[in-house]
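Fold and geometry: a report
In case you want the letters, here they are:
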Amino acid sequence: MDHFPGTHWGKPRNDNIDAYGTYPLHAHQPRTDAFADGVQRTQQPVVTGASVLALKYKDGIMMAADNLASYGSLARFKDIQRASGDMADFQQLKHILDTLLIEQFVQDDGHKFGPTEIYEYLSRLMYGRRSKMDPLWNSLLVGGFKDGKSFLGYVDLLGTTYSAPTLRNWVWRYIAQPLLRKSVEGREDTLTEEEAVKILEGCMKVLFYRDARSLNKYQIAAVTEKGIWISDSRSVETEWAFAEGIRGYGAQTQ
Amino acid sequence: MSPISQPTSVAFNPYAENGGTILAIAGLDFAVVAGDTRQSEGYSIQTRYAPKVFRLTDKATLAVNGFAADGNIFVKTVKQRLEWYRHAHAKDMPLRAIARLIQTMLYAKRFFPYYVYNILGGIEEDGSGAVYSFDPVGSYEREACRAAGAASSLIQPFLDNQIYFKNQVAVSGTSHPKHLPILDVLSLVTDSFTSATERHIEVGDGLEIYVIVASGRSLTELSSIAGIEEVTGSASATDRVFVIRRELKKD
């Protein structure tokens, strides 16, 4: 019995798939792919970028990423993002966002994406992909500034979202987050740019000392009323002389 | 170089557990729906303020707990369905209909469930306070009170004792009250959450208590509460919604 005559444009029904004809069949023919066996989904990150820190301060948002993660930039938009996780997935994500923003630019209808819109889009995208069991293996921090308000949000490969005055990605949860919270929580509206830079520099230093996968070369970015500013690569001064005196934890002979 | 590597990877796990606890109590002509605002994963606090209780209409609030991403999407979809209902019927969906809608939406994903425990609280068409609780795949029930989430096993027995008077014997010649006064209910809610915060690491930071009051009920008791805020949506609404925010310990 064909309950939907006329909706399938003359294509024959297939009783094997839908014996009772409960739905227009053309709409849900299972897709077959000659290369189905070869199709793979990201099940673990391959080339990974490092990490991102972000905090709210008086004038907006400030982020720091060491140069392992500062691959490319979205500085031409009204907000910025640095992603950590799988590089290929990140580039795919950038590509999708680029396409979306070009489309919006071409429409030229006076409506522009702000940070909240970008964040909503990315959250839905990430959640959609996790629901297909085909996740984009990244965690994203979205920072922006629009209409006098700063915005900071997080979304990860599960589609989990949240915002807070300070954010960091997974690897830095135990090292950087307590430092950030101690110096930022409750002071978001009074922190100056200099103080914010100092806090991030402090975190980068501790991270470089303690995280084996970090690099003493990083960038800082600020999103404020004035727009986006991204620093050149910089380093922090480090002191290793004390290491000479440490005994008892390594493979020393003496 | 090694030959083809062994298939050692663990399959991608699309779920996470984000902690927190929710709770709802129905009164005679009011309902109270509360949740803490901490969102965590493992031992890390992701944020100290992620609301878990949402106003759906002027007679319904929904609390969601479990996997936060699923919860947020679920609430969004419920709100969208309610908006469509408003456009189609020029009125808000009644509470028991929202409850059935939620069961259908949950069961529709029976084989890839929303990993979310829902508690719906509000005012029924007959003006009575009501609480509906759901499991992740849609099985639901109308109750007088329910706790769900990380500290549900700490709070539910307390409510059984204080709301249902389980293991309590009334003084001879008297009987236990069927419904508690609103201020008693609110102190039970705050006590539940401060206690759960003491004993459960995933509970804390902030508390949001939504109070839905049936039309015709006096609001004098509520006006004495510090920091109470009205969040009723439409000016013509007869039932009214309030929110009370409290701090919880942050350690």
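This one's a predicted model, so the numbers in the text were calculated from it and none came from an experiment.

Right, let's talk about helix H2 (residues 95–108) of chain B for a bit. All names here are of chain B. Under the 1.5 Å per step criterion, the end-to-end length of H2 is 20 Å for 14 residues, consistent within 8% with the ideal 20 Å. Buried residues of H2: Leu95, Ile98, Ala99, Leu101, Ile102, Met105 and Leu106, and no others. Viewed along the axis of H2, the buried residues span an arc of 160°, placing them on a single side of the element. Away from its buried face by more than 90 degrees, H2 exposes Arg96, Arg100 and Ala108. For H2, the elements touching its buried residues are strand E5 (53–57), strand E6 (60–66), helix H1 (68–89), strand E7 (116–123), strand E8 (129–134) and strand E9 (140–143).

Interfaces are often sized by the accessible area lost when the parts come together. Contacts between chain B and chain A engage 25 residues on the former and 23 residues on the latter. Overall, the association of chain B and chain A removes approximately 2,100 Å² of surface from exposure, summing both partners, and the carbon and sulfur fraction of that is 53%. Considering only the surface of chain B that becomes buried against chain A, Phe12, Gln46 and Ile73 of chain B emerge as the three largest contributors, covering 31% of it. Across the contact surface, chain B and chain A share 3 salt bridges. Here Glu185 of chain A ties to Arg48 of chain B by a salt bridge, and the two come within 3.2 Å at their closest N and O atoms.

What follows deals with the packing of aromatic side chains. Counted according to the given criterion, the structure contains 11 aromatic pairs over all chains. For the ring pair Tyr209 of chain A and Trp240 of chain A, a centre distance of 5.0 Å and an interplane angle of 75° mean the geometry is edge-to-face. In this pair, Tyr209 of chain A is assigned in helix H4 (residues 193–210) and Trp240 of chain A in the segment after strand E10 (227–230), connecting sequence segments 31 residues apart. By relative accessible area, Tyr209 of chain A is classed as partly exposed at 27%. Judged by relative accessible area, which is 41%, Trp240 of chain A ranks as partly exposed. Here the aromatic cluster, defined as three or more aromatic residues joined through ring pairs, consists of Tyr15, Phe67, Phe112 and Tyr115 of chain B. We note Arg130 of chain A situated over the ring of Tyr15 of chain B; from NZ or CZ to the ring centre the distance is 5.3 Å. Across the ring face of Tyr114 of chain B, the terminal group of Lys109 of chain B is positioned such that the distance to the ring centre comes to 5.1 Å.

Residues and elements named next belong to chain B. The sheet built from 5 strands is open, its strands ordered E5-E6-E7-E8-E9 with antiparallel pairing. What marks the edges here is a single partner per strand, and that holds for E5 and E9. Averaged over all adjacent pairs, the angle separating strand axes in this sheet is 25°, with direction ignored. Where E6 and E7 come together, 7 bridges link them in antiparallel fashion. Looking across to E7, one finds that Thr61 is bridged to Gly121. The sheet contacts of H1 involve E5, E6 and E7, and relative to E5 the element is tilted by about 10°.

Side chains that are nonpolar tend, in soluble globular proteins, to be buried together. Residues and elements named next belong to chain B. Among the nonpolar cores identified, the biggest contains 33 residues, and Leu56, Leu62, Phe74, Ile98, Ile102 and Leu120 are the most heavily contacted of them. When residues of this core are traced back to their parent elements, those giving at least two are E5, E6, H1, H2, E7 and E8. Sequence-distant contacts of Ile98, defined by excluding residues within four places in its chain, comprise Leu56, Thr57, Ala60, Leu82, Met93 and Leu120.

The share of residues in chain B with pLDDT of 70 or more is 96%, and the mean pLDDT across the chain is 94. As scored by the predictor, the complex reaches a pTM of 0.84 and an ipTM of 0.89.

The rules we used
Per chain, residue numbering runs from 1 following the sequence as it is written. Written order determines the labels here, with chains lettered from A and ligands numbered from 1. Only residues with pLDDT of 70 or above have their local features reported here, since the model is predicted, and side-chain atom pairs are shown and tallied only from 80 upward, although totals for entire chains, interfaces and linings are computed over all residues. Derived side-chain values reflect all non-hydrogen atoms in the structure, with water molecules and hydrogen atoms excluded from consideration. Helix and strand labels come from DSSP, where a helix needs a run of H or I of at least four residues and a strand needs a run of E of at least two; each type is numbered from the N terminus. What a helix should span is 1.5 Å times the count of its residues minus one. Each residue is assigned to one of three classes by its accessible area relative to the maximum for its type, calculated with a 1.4 Å probe on protein chains only: buried under 20%, partly exposed between the two thresholds, exposed over 50%. By definition, the arc is the one covered by directions from the helix axis to the C-beta atoms. The criterion used for residue contact is that any of the two residues' heavy atoms lie within 4.5 Å. Using a 1.4 Å probe, buried area is obtained as the accessible area two parts lose upon being combined, added over both of them. For salt bridges, the criterion is a side-chain nitrogen of Lys or Arg within 4 Å of an Asp or Glu carboxyl oxygen. Only centres within 6.5 Å qualify two rings of Phe, Tyr or Trp (six-membered ring in Trp) as a pair; their planes then separate them into stacked at under 30 degrees, edge-to-face at over 60, and tilted for everything else. Criterion for a charge above a ring: Arg CZ or Lys NZ at most 6 Å from the ring centre, at most 35 degrees from the ring normal. Here, strands pair whenever DSSP counts at least two bridges between them. Orientation is described by axes fitted as lines to C-alpha atoms, over the contacting stretch for helices, and by angles from 0 to 180 degrees between their N-to-C directions. Definition of nonpolar core: a set of buried residues of the types Ala, Val, Leu, Ile, Met, Phe, Trp, Tyr and Cys, connected through side-chain atoms within 4.5 Å. The predictor rates its confidence in each residue with pLDDT, a number between 0 and 100.

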